[in-house]
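So the chains spell out like this:
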Amino acid sequence: QVQLTESGGGLVQAGDSLRLACAASGRTFSSYAMAWFRQAPGKERERVASIISSGSITYYVDYADSVKGRFTISRDNAKNTVYLQMNSLKPEDTAVYYCAARPVGALQYVHWGQGTQVTVSS
């Protein structure tokens, strides 16, 4: 089993920054691809960023068009943690942010955290 726990959300003003963290436990962290999703009330769930890496080598990083240039995903295998650095936050970034994991080579994200709220005021 894999358990994911998000932290770092909060209430900020437009233009501020936040760093979200997702701590993983239960299985070998390096064998999983990791991603951040978000969902706002009345909107569809959106994949914000994803990463596949092994040791110091990053094989794949991808971002939603809405966050390119502002958000950065990274992972620390020694700490079993994935991060999402969010800069230049906008009100439209307001959502519950979820961490997710899938085995490398699998098609679906099958492990999910409970979510952390990010609220950006105008």
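Heads up: the structure comes first, above all this text.
Criteria and thresholds
- Residues numbered from 1 in each chain as written.
- Predicted model: local features only at pLDDT ≥ 70, side-chain atom pairs only at ≥ 80, totals over all residues.
- Heavy atoms only, no water.
- Helix = DSSP H or I, 4+ residues; strand = E, 2+ residues; numbered from the N terminus.
- Rg over C-alpha atoms; globule rule 2.2 N^0.38 Å.
- Buried < 20%, exposed > 50% of the residue type's maximum accessible area, 1.4 Å probe, protein only.
- Contact = heavy atoms within 4.5 Å.
- Areas by Shrake-Rupley, 256 points an atom, 1.4 Å probe, with all protein chains shown as cover.
- Lys, Arg positive; Asp, Glu negative; His and termini not counted.
- Charge placed at Lys NZ, Arg CZ, Asp CG, Glu CD.
- Pairing = 2+ DSSP bridges.
- Axes fitted to C-alpha atoms, helices over the stretch in contact; angles between N-to-C directions.
- Phe/Tyr/Trp six-rings, centres within 6.5 Å; stacked < 30°, edge-to-face > 60°.
- Lys NZ or Arg CZ within 6 Å of the ring centre and 35° of its normal.

## Digging into the overall build of the protein
Next up, step 1: On a plain count of helices and strands, the protein comes out with zero helices and eleven strands.
Next up, step 2: Ordered by position in the sequence, the α and β elements of the protein form the string β-β-β-β-β-β-β-β-β-β-β.
Next up, step 3: For the protein, whose C-alpha radius of gyration is 14 Å, the value lies close to the compact-globule estimate of 14 Å for 122 residues.
Next up, step 4: In terms of principal-axis extent, the alpha carbons of the protein reach across some 40 × 25 × 25 Å.
Next up, step 5: A buried classification covers 41% of the 122 residues belonging to the protein.
Next up, step 6: For the protein, the proportion of contacts with a sequence separation of at least 24, taken over those separated by at least 6, is 55%.
Next up, step 7: Element-wise, carbon and sulfur atoms account for 46% of the exposed surface of the protein, whose accessible area totals about 6600 Å².
Next up, step 8: If you average the places of the 12 positive and of the 9 negative side-chain charges in the protein, the two averages end up 6 Å apart.

## Side note on the sheet that holds strand β7 (residues 71-76)
The pairing of strands in a sheet comes from backbone hydrogen bonds and takes either a parallel or an antiparallel form.
Next up, step 1: Taken together, the four strands give an open sheet; going across it, the order is β1-β3-β8-β7, and neighbouring strands pair in antiparallel fashion. Pairing within the sheet leaves two strands with one partner each, and these edge strands are β1 (3-7) and β7. In this sheet, adjacent strand axes meet at a mean angle of 15° when their direction is disregarded.
Next up, step 2: Where β1 and strand β3 (residues 18-25) come together, five bridges link them in antiparallel fashion. For Leu4, the partnering residue across the bridge sits in β3 and is Ala24.

## Some thoughts on the packing of aromatic side chains
Two descriptors summarise a pair of aromatic rings, namely the distance from one centre to the other and the angle between the planes of the rings.
Next up, step 1: For the structure on display, the rule yields two aromatic pairs.
Next up, step 2: With a centroid separation of 5.5 Å and an interplanar angle of 75°, the aromatic rings of Phe37 and Tyr109 are classed as edge-to-face. With a gap of 72 residues between them, Phe37 in strand β4 (residues 32-39) and Tyr109 in the loop between β9 (95-103) and β10 (111-112) connect regions that are remote in the sequence.
Next up, step 3: Judged by relative accessible area, Phe37 falls into the buried class, the value being 9%.
Next up, step 4: Taken together, the aromatic side chains of Phe37, Tyr109 and Trp112 make up a single cluster linked through ring pairs.
Next up, step 5: Between the NZ or CZ atom of Arg45 and the centre of the ring of Phe37, over which it lies, the distance is 5.5 Å.
Next up, step 6: Lying across the ring of Tyr109, Arg102 places its NZ or CZ 5.3 Å from the centre.

Distances and angles like these do not, on their own, reveal function.
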